[in-house]
Amino acid sequence: MGTKRYAQMCAVAAALDLVGERWTLLIIRDLTTGPKRYNQLLEETLVGIGPNLLAARLQMLTEHGVIQREPVSGDGRGVQYRLTASGEALRPVIIGLASWGLTHISSYEQDGLVRSEWGRLALEAMISVGPPPEVDEAYEFRIGDEVFHVRCEEHTARVVDGTPPDEPALVVTADPETFIRIGTEQIGILDAMLSGNLTVSGDTTSLTRCLRLLDLELTSKAQPAEAHADVS
């Protein structure tokens, strides 16, 4: 059975004809963090999708020039998928959805799959909201087994690959679930620090600027009695 189309002379409908089917935007989401093999997508990030459906989605996206197949370096038989320029043009859409979705993650999704690399998308979503710092500096985020850097230069902030040229003014370490729960304001930063699931090292003024950038506050969301019990 072929994919149903909206058959509307509308740019939004045309876009949804390509990426509106279930799982499609999640495939693109996972490729925004780098190339992936078929088995990586099937077994690690898209748990629940059927192998035939994943193959069909990848074929469709390849045929429409959104992604491309390429050999894996050092593996003569390995193949991986990466975004084309057309696919990369969807990055602001993914970040916009992530920013909007941060306020719509319900409590039952706390037990859902969490991956360290999704921390980058959360960072990109959060820095798209707050005002960039007025000084040039970098922040390092160690989320699970991944390391991300936010570089602030000339009143702009962006997430970058690799280590920035200067020492980070701030280093934040957290497990992926804690980081996502902080970003969705399910737990407060102080609560995460008191529990030991979040550590922050660096200059206090840099922390203030970083929190302002991420649109977060150094607060506790625990009830007063609970907070007192944790501290004691």
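By convention here, each chain's residues receive numbers from 1 onward along its written sequence. Reporting in this predicted model follows two pLDDT cut-offs: at least 70 for local features of residues, and 80 or more for side-chain atom pairs to be given and counted; totals over whole chains, interfaces and linings ignore these cut-offs and use all residues. Just so you know, side-chain values use all the structure's heavy atoms and leave hydrogens and water out.

K.L.:
I would appreciate a short explanation of the overall build of the protein in the present structure.
P.N.:
Under the scheme used here, helices are H or I runs from DSSP no shorter than 4 residues and strands are E runs no shorter than 2 residues, and both carry numbers assigned from the N terminus. Regarding its fold elements, the protein presents eleven helices and eight strands. Expressed as a percentage of the 232 residues in the protein, the buried residues total 39%. Taking all contacts inside the protein whose residues are at least 6 apart in sequence as the whole, residues at least 24 apart take part in 63%. All accessible areas in this document rest on Shrake-Rupley with a 1.4 Å probe, and a residue is counted as covered only by the protein chains that are shown. In the structure as shown, the protein presents an accessible area of about 13,400 Å², 52% of it carried by carbon and sulfur atoms. Using a 1.4 Å probe on the protein chains alone, a residue whose accessible area is under 20% of its type maximum counts as buried, one over 50% counts as exposed, and one in between counts as partly exposed. Between two residues, a contact is recorded if the distance between any of their heavy atoms is within 4.5 Å.

K.L.:
How should I be thinking about the nonpolar core in this particular structure?
P.N.:
One recurring pattern in soluble globular proteins is that nonpolar side chains are buried together. Residues belong to a common nonpolar core when they are buried Ala, Val, Leu, Ile, Met, Phe, Trp, Tyr or Cys residues joined through side-chain atoms within 4.5 Å. Of all hydrophobic cores here, the largest spans 49 residues; its most connected members are L123, F141 and V150. Looking at which element gives the most residues to this core, the answer is helix α7 (residues 118-127), with six residues. For L123, the residues in contact, after removing those within four places along its chain, are F141, F148, V150, V159, F179 and L214.

K.L.:
What's the story with helix α3 (residues 38-45) in this structure? I'm lost.
P.N.:
Note: α-helices contain 3.6 residues per turn, so residues at a spacing of three or four share the same orientation. Every buried residue belonging to α3 is among L41, L42 and T45, and all of these are buried. All buried residues of α3 fall inside an arc of 135° around its axis, so they share one side. If you follow the buried residues of α3, they end up packed against α2 (24-31), β1 (36-37), α4 (51-63) and α7. Note that the arc is defined by the directions from the helix axis to the C-beta atoms.

K.L.:
Mind showing me how you'd approach the sheet that holds strand β8 (residues 198-202) here?
P.N.:
The strands that make up a sheet are held in pairs by hydrogen bonds between backbone atoms, and each pair lies either parallel or antiparallel. Within the open sheet, the five strands sit side by side as β6-β5-β4-β7-β8. Their pairing is mixed. Of all strands in the sheet, those with a lone pairing partner are β6 (156-160) and β8, marking the two edges. With direction set aside, neighbouring strand axes in the sheet form an average angle of 15°. As paired elements, strand β7 (residues 170-174) and β8 share five bridges and run antiparallel to each other. Looking at the pairing, V172 lines up with V200 of β8. Pairing between strands requires that DSSP locate at least two bridges from one strand to the other. In this analysis an axis means a line fitted to C-alpha atoms, helices contributing only their contacting stretch, and an angle means the value between N-to-C directions, from 0 to 180 degrees.

K.L.:
Please clarify how the pattern of salt bridges should be interpreted in this entry.
P.N.:
Side chains bearing opposite charge may pair, as long as their charged atoms lie close to each other. Should a side-chain nitrogen of Lys or Arg be within 4 Å of a carboxyl oxygen of Asp or Glu, the pair is scored as a salt bridge. In the structure shown here, the tally under the stated rule is eleven salt bridges. A salt bridge links R82 to E70, with the shortest nitrogen-to-oxygen separation between them at 2.9 Å. Of this pair, R82 sits in strand β3 (residues 79-83) while E70 is found in strand β2 (residues 67-71), placing the two residues twelve residues apart along the sequence. Across the salt bridge formed by E124 and R91, the nearest N and O atoms sit 3.5 Å from each other. Taken together, the positions of E124 in helix α7 and R91 in helix α6 (residues 91-101) put the pair 33 residues apart, joining distant regions of the chain. Accessibility assignment for this pair places E124 and R91 in one class, buried. Taken together, the shared-partner salt bridges in this structure form one network comprising E88, R91, R120 and E124.

K.L.:
Just checking my understanding: could you explain the sheet that holds β2 for this structure?
P.N.:
What the three strands build is an open sheet, ordered β1-β3-β2; its pairing is antiparallel. In this open sheet, the two edge strands, each paired with only one partner strand, are β1 and β2. Bridge count between β1 and β3: two bridges; the pairing is antiparallel. Counterpart to R37 in the pairing with β3 is Q80. Lying on the sheet, α2 is in contact with β1, β2 and β3; it crosses β3 at an angle near 95°.

Distances and angles like these do not, on their own, reveal function.
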